[in-house]
Structure formats: structure tokens, C-alpha cells
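# Working through the structure, step by step
Read off the chains here:
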Amino acid sequence: MVQSLWNGAWIAALATGAVVIVLIVWASIFHRKRRAKAELPPQVRYNLPIEILYTVIPLVMVSVFFFFTARDSETLARVSGDAPVKVKVEAFQWSWRFTTTYKGQTLQPVAGVPVHDYNQGPQLVLPANSKVEFDLSTDDVIHSFWVPEFLFKRDVIPGIPEGNPGRKFEITTLDKRGVFAGRCAELCGVDHSRMLFSVKLVPQAEFDQYIATQQAGSAQ
């Protein structure tokens, strides 16, 4: 959905730019002053049809952009509440703490410290092609939870109480395994650039094994 909205916006912008460039070139070639004609061309004070045209067209364009953006934003912000995996994300200066809940079992938090390489930061393990609900919180300043491969990010704002829908979002993870970089996308302090983490996507069976291993480690 995000990719479609992005592509549509770029296509519309490029088409508009092409039309504007053609009009500029056309006016430059066919409406320049001729040396043989020293007199001024006819001076027109108002051209009501043209003025209406260049007022209505931008309004229509902005309205179309607004419609598709509002439609997709509403869908992207919807949280069903039935995601099998729920992750509490705590942002702090300057790292992350992830607490995963799966089938009613809450694992021990995974916390990190500022690092220069995302592979050295805290790692969040999730199943591939699965619905995941995130609950974002912070106690210091505004951060932003961003995994570029997910094509989605959300600001982490202090002061939003637990249970408020503004803290949550839901995605379906990519249908492939791999380790993907994550970072803070909001300037939050001196070590902002080192506020890195990773997300590891694994098949469902491997995720179940990971959960069992973590639960066993917690019990010990």
C-alpha cells in the first residue's frame, strides 16, 4: 500500500512537471519578442477562463492527493488487536528495549546500548509473513521507530498513556527471512546516530523454537 501510494505520487508529480516544462518551452519559442516587431503585443488585463483553470486544476490535484493519502493512512493506522505477536517497544536515549508477547507468554526484554553497527544492537526476532502489533513508549524525548524494509515508521512520543491507540500500529512482516536494519528516525540527542537495532525474520517453526528456548532460559 505504501509503495503504491508513493509510486502514484511520483507519477502524478512527474506528469505535472512534464506539462509545466512543455508549456515553458512552448511559450519561450513561440511567444518571444521578434526583432521585426518593435511594438508591444496586445496587453490583456484579465483572462477569466485561464485564471479559473489555474485555480481549479491545483485544487483538484491537491484534493486527489489528500483523498488517497487519507484513505491509506486510515488503513495503515488501523489496529485489529488480534495479532498473534505483540511487541512492546521502549525507546530511550540512546537505544531500545523490546518485550515480545506470544500466545499469552511474555519473554524477557531484549535491551541494547548505543552502537555503530546495527548488527551489534538489540535484535528483535519475529516470524515472517505474520501480523505483529507494536506498542511504542518513551520516557525522555521523541524518538521514531523505523525499519526501512517495512516501508513504515512511527514517532515514539513521551506522555501518551498506556492503552492509547496513538501508541500502537500493526503490520504484516515480509514474507522472507533475513536480518534488517532498524534505527531512530528522529533527532533525539548526541548519540542519535548510534540508536540502531535489527529485526530478524524467521519461518514460523523457527520462531516457535526461539520462543520455547527463551521461555526455558527464563525459567532457569
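Values in this document were obtained by computation on a predicted structure and should not be read as measured data.

Cut-offs used in this document
Residues numbered from 1 in each chain as written. Predicted model: local features only at pLDDT ≥ 70, side-chain atom pairs only at ≥ 80, totals over all residues. Heavy atoms only, no water. Phe/Tyr/Trp six-rings, centres within 6.5 Å; stacked < 30°, edge-to-face > 60°. Helix = DSSP H or I, 4+ residues; strand = E, 2+ residues; numbered from the N terminus. Buried < 20%, exposed > 50% of the residue type's maximum accessible area, 1.4 Å probe, protein only. UniProt positions renumbered as here; feature names shortened; annotations may be inferred. Pairing = 2+ DSSP bridges. Axes fitted to C-alpha atoms, helices over the stretch in contact; angles between N-to-C directions. Patch = residues over 30% accessible without salt bridge, like charges linked within 9 Å, V, L, I, M, F, W, Y side chains within 5 Å. Areas by Shrake-Rupley, 256 points an atom, 1.4 Å probe, with all protein chains shown as cover. Salt bridge = Lys/Arg side-chain N within 4 Å of Asp/Glu carboxyl O.

Within this structure, the stated rule accounts for 15 aromatic pairs. Judged by centre distance (5.3 Å) and plane angle (65°), the rings of Phe-98 and Phe-197 are edge-to-face. Of the two residues, Phe-98 sits in strand β2 (residues 95-102) while Phe-197 sits in strand β11 (residues 196-202), which places them 99 residues apart along the sequence. Per residue, the accessibility class of Phe-98 equals that of Phe-197, and both read buried.

Within this structure's numbering, the places UniProt gives as "transmembrane region" (unreviewed entry) are residues 6-31 and 52-70. Between the first and last C-alpha atoms of residues 6-31 the distance is 37 Å; the span itself is 96% helix and 0% strand. In this annotation, residues 52-70 is assigned 100% helix and 0% strand; the end-to-end C-alpha distance for the span is 27 Å.

We now examine the sheet that holds β11. Taken in spatial order, the five strands make up an open sheet running β5-β11-β10-β7-β8, and their pairing is mixed. Two strands close off the open sheet at either side, each with one partner strand: β5 (123-127) and β8 (152-156). Across the sheet, the mean angle from the axis of one strand to that of its neighbour is 25°, orientation sign disregarded. In the sheet, β5 pairs with β11 via five bridges, with the strands oriented parallel.

Attention shifts here to the UniProt feature "domain: Cytochrome oxidase subunit II copper A binding" (unreviewed entry) in the chain. The UniProt entry lists residues 82-213 under the feature "domain: Cytochrome oxidase subunit II copper A binding" (unreviewed entry), expressed in the numbering used here. Regarding residues 82-213, the helix share stands at 8% and the strand share at 47%, and the terminal C-alpha atoms are separated by 24 Å.

Taken together, Val-19, Ile-21, Leu-23, Val-25, Trp-26, Ile-29 and Phe-30 make up a surface patch of nonpolar side chains, about 700 Å² in accessible area. Here Ile-29 shows up in helix α1 (residues 2-30).

Time to look at the environment of Phe-65. Within the secondary structure, Phe-65 sits in helix α2 (residues 48-77). Given a relative accessible area of 33%, Phe-65 falls into the partly exposed group. Through-space distance from the C-alpha of Phe-65 to that of Leu-53 is 18 Å; in sequence the pair is twelve residues apart.

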